[in-house]
Amino acid sequence: MSDRDEAFAEYFAARSDAMRGTAYLLCGDWHRAEDLVQTAFVKLYRVWNRISRHEVLDSYVRQILIRTFLDERRRGWWRRERVGVDNAEQMAAPDSPESRLVLLQALASVAPRQRAVLVLRYWEDLSIEDVAALLGCSPGTVKSQAARGLDTLRGLLAPTESGIEMGKR
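Being a predicted model, the structure only gives us computed values, none of them experimental.

**A short note on the packing of helix H1 (residues 3–27) against helix H5 (residues 112–123)**
The interhelical angle for the contact between H1 and H5, taken along N-to-C directions, is 140 degrees, at an axis separation of 9 Å. Accordingly, the angle class assigned to the pair H1 and H5 is oblique. Here the hand of the crossing between H1 and H5 comes out right-handed. Contacts between H1 and H5 pair Gly 21, Thr 22, Leu 25, Leu 26 and Cys 27 from the former with Arg 115, Ala 116, Val 119 and Trp 123 from the latter. When the residues that make up the contact of H1 with H5 are grouped by side-chain class, the tally is six nonpolar, two polar and one charged.

**Quick notes on helix H2 (residues 30–46)**
The terminal C-alpha atoms of H2 lie 24 Å apart, and with 17 residues this matches the ideal 24 Å at 1.5 Å per residue to within 8%. Among all positions of H2, only Arg 32, Ala 33, Leu 36, Val 37, Ala 40, Phe 41 and Leu 44 are buried.

**Focus: the pattern of salt bridges**
The full count for this structure, using the stated rule, is six salt bridges. Of the charged contacts, one joins Arg 20 and Asp 17 as a salt bridge, the two residues approaching to 2.4 Å between their closest N and O atoms. Remark: Asp 17 and Arg 20 occur in helix H1; sequence separation between them is three residues, near one turn of the helix. A relative accessible area of 18% places Arg 20 in the buried class. Since its relative accessible area comes to 52%, Asp 17 is described here as exposed. Taking the shortest distance from any N to any O, the salt bridge between Arg 154 and Asp 151 comes out at 3.5 Å. Residue Arg 154 and its partner Asp 151 are both found in helix H7 (residues 139–156); the two are separated by three residues, about one turn of the helix. Exposure remark for Arg 154: the relative accessible area of 25% places this residue in the partly exposed category. Three or more residues are tied together by salt bridges with common partners; here these are Asp 17, Arg 20 and Glu 34.

Cut-off values and rules
For every chain, the first residue of the written sequence is number 1, and numbering continues from 1 onward in sequence order. Whole-chain, interface and lining totals are the exception, using all residues; otherwise, since this is a predicted model, local features are given only for residues with pLDDT of at least 70 and side-chain atom pairs are given and counted only at 80 or more. Derived side-chain values reflect all non-hydrogen atoms in the structure, with water molecules and hydrogen atoms excluded from consideration. Comment: axis = line fitted to C-alpha atoms, over the contacting stretch for helices; angle = value between 0 and 180 degrees taken between N-to-C directions. Think of it this way: any DSSP run of H or I at least four residues long counts as a helix, any run of E at least two long counts as a strand, and we number them from the N terminus. Note on angle classes: values under 35 degrees are labelled roughly parallel, values over 145 roughly antiparallel, values of 65 to 115 roughly perpendicular, and the remainder oblique. In this scheme the handedness of a crossing depends on how the near helix is turned from the far one: anticlockwise by less than a right angle means left-handed, clockwise means right-handed. Here, two residues are considered to be in contact whenever any of their heavy atoms come within 4.5 Å of each other. In the scheme used here, Gly and all other residues not listed as nonpolar or charged are polar, with Ala, Val, Leu, Ile, Met, Phe, Trp, Tyr, Cys and Pro taken as nonpolar and Asp, Glu, Lys and Arg as charged. To estimate the expected span of a helix, count its residues, drop one, and scale the result by 1.5 Å. To sort residues, take the accessible area from a 1.4 Å probe on protein chains only and compare it with the maximum for the residue type: under 20% means buried, over 50% means exposed, and anything in between is partly exposed. Just to be clear on terms, a salt bridge is a Lys or Arg side-chain nitrogen sitting within 4 Å of an Asp or Glu carboxyl oxygen.

Geometry only, nothing functional implied.
Put into structure tokens, the structure is as follows:
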């Protein structure tokens, strides 16, 4: 194995799980998340020799991941069947697995661009400026997309029905 391949394999082993978690939050499907991560790392491998600043790789791969996710959503080939929650009247503890599933299902209902902003801001804990740079938009757009996404989530996750409250940052 060449030094190039070895360095790439080490980076992949170290960061693929974290990227898979981010991808899952974006798409809501572990299999699709795996595909997104695989596509992102294939694109990274193609340019691996041209990358000189390895300290910014996480940001670069995250940007590839987000753009791949958004690009697939624009193409229209991906369709999901959405199933309603039948047990909305049952209360769940805020940290329970049921609450996590309800939150993930609600997150999947948010528009893709808003979901990307929410995941980057609140899961990846990136600043507004960093999210704007990753998505190629203005900080104001990030703020409005985050506000709209949070409003959608709040509408879907009525605190009295799910036991989950969304806090503002």
